[in-house]
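# Overview (structure and organization)
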Amino acid sequence: DGGITQSPKYLFRKEGQNVTLSCEQNLNHDAMYWYRQDPGQGLRLIYYSQIVNDFQKGDIAEGYSVSREKKESFPLTVTSAQKNPTAFYLCASSIGAGPGNTIYFGEGSWLTVV
Amino acid sequence: QKEVEQNSGPLSVPEGAIASLNCTYSDRGSQSFFWYRQYSGKSPELIMFIYSNGDKEDGRFTAQLNKASQYVSLLIRDSQPSDSATYLCAVRYSGGYQKVTFGIGTKLQVIP
């Protein structure tokens, strides 16, 4: 089945640790995204990538890093510089970034700082 | 800052009634509009999208777009308890990279 796979579903991070969230899609989509969702807030864009080997900062990129070495993969690293990382992280993709392109989401990853 | 505004709710409707969810946006250049449903603890799933002024129907769902007034709405007919969820409005803006901005979502409760 085609879709977006995120792993792990639940992750605990100790203070000062970097952690990486995996995102893989087999939809042959060019564009991929990472969003963060906090209670009572909408989805906020962390990073996006329109093509392989290219990515751009979103609204809240500080403390995060990404790579896009393959079309199907867009991992997100939450670094120790991110002071409040506890949140629900959503990876998404779309065929392209044009006006008619719908964003589809993976199942999400819950990150908790312990 | 381009904004998408939604009332967080909760909006409570009795089973079988019509639920009306509203969303306003700030950028007149916005080109496409999406409604997602998100159950608690789950990821958003697309319900429908709309690009042109007017109504678009898909089963029990109708999206309405009024670009002059800068609002988009979602009507759910014959509401069911399984429709209880948070509904996210999303707007894709024009110009450069066509970023999608999401509202905070409206929580809908369908009372049996």
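Structural data are supplied above this passage.
I will try to describe carefully the structure that is included in this document.

Residues and elements named next belong to chain A. With respect to topology, 4 strands assemble into an open sheet ordered 1-3-8-7, the strand pairing being antiparallel. The strands lining the two open edges of the sheet, one partner per strand, are strand 1 (4-7) and strand 7 (64-66). Geometrically, the sheet is characterised by an average inter-axis angle of 20° between neighbouring strands, direction not taken into account. Two elements, strand 1 and strand 3 (residues 19-25), share 4 bridges in a ladder whose sense is antiparallel.

Across a regular strand the side chains alternate sides, sitting on one face of the sheet and then on the other. All names here are of chain B. Most of strand 8 (residues 71-76) is tucked away, with 5 of its 6 residues classed as buried. For strand 3 (residues 19-25) and strand 8, the ladder comprises 6 bridges, and the chain directions are antiparallel. Looking at the pairing, N22 lines up with S73 of strand 8. Where strand 7 (residues 61-66) lies against strand 8, 6 bridges are found, and the strand directions are antiparallel.

With that settled, the discussion passes to the pattern of salt bridges. Summed over all chains, the structure comprises 6 salt bridges over all chains. Where A:K71 meets A:D30, a salt bridge forms, and the shortest distance between an N and an O atom there is 3.3 Å. Of this pair, A:K71 sits in the loop between strand 7 and strand 8 (76-78) while A:D30 sits in the loop between strand 3 and strand 4 (31-37), and the two are 41 residues apart along the sequence. Under the relative-accessibility criterion, A:K71 is labelled partly exposed at 26%. The partner of B:E45 in a salt bridge is B:R37, with the nearest N and O atoms 3.2 Å apart. Taking relative accessible area as the criterion, B:E45 reaches 34% and is therefore assigned partly exposed.

Here we take up the interface of chain B and chain A. Facing the 21 residues of chain B at the interface are 27 residues of chain A. In total, chain B and chain A occlude about 1800 Å² of area from one another, counting both sides; carbon and sulfur atoms represent 55% of this. Taken together, chain B and chain A are joined by 0 salt bridges. Our count for the chain B to chain A interface comes out at 4 residue pairs in polar contact (both at pLDDT 80 or more).

All names here are of chain A. Positionally, Q6 belongs in strand 1. Residue Q6 is classed as buried on the basis of its relative accessible area of 10%. Within the local environment of Q6, its side chain forms a polar contact with the backbone nitrogen of G108, the two atoms lying 3.0 Å apart. Engagement of the side chain of Q6 in a polar contact is seen with the side chain of S109, the distance being 3.5 Å.

Thresholds applied
Residues numbered from 1 in each chain as written. Chains lettered and ligands numbered in written order. Predicted model: local features only at pLDDT ≥ 70, side-chain atom pairs only at ≥ 80, totals over all residues. Heavy atoms only, no water. Pairing = 2+ DSSP bridges. Helix = DSSP H or I, 4+ residues; strand = E, 2+ residues; numbered from the N terminus. Axes fitted to C-alpha atoms, helices over the stretch in contact; angles between N-to-C directions. Buried < 20%, exposed > 50% of the residue type's maximum accessible area, 1.4 Å probe, protein only. Salt bridge = Lys/Arg side-chain N within 4 Å of Asp/Glu carboxyl O. Contact = heavy atoms within 4.5 Å. Buried area = accessible area lost by both parts, 1.4 Å probe. Polar contact = N/O pair within 3.5 Å; in protein donor to acceptor, adjacent residues only side chain to side chain.

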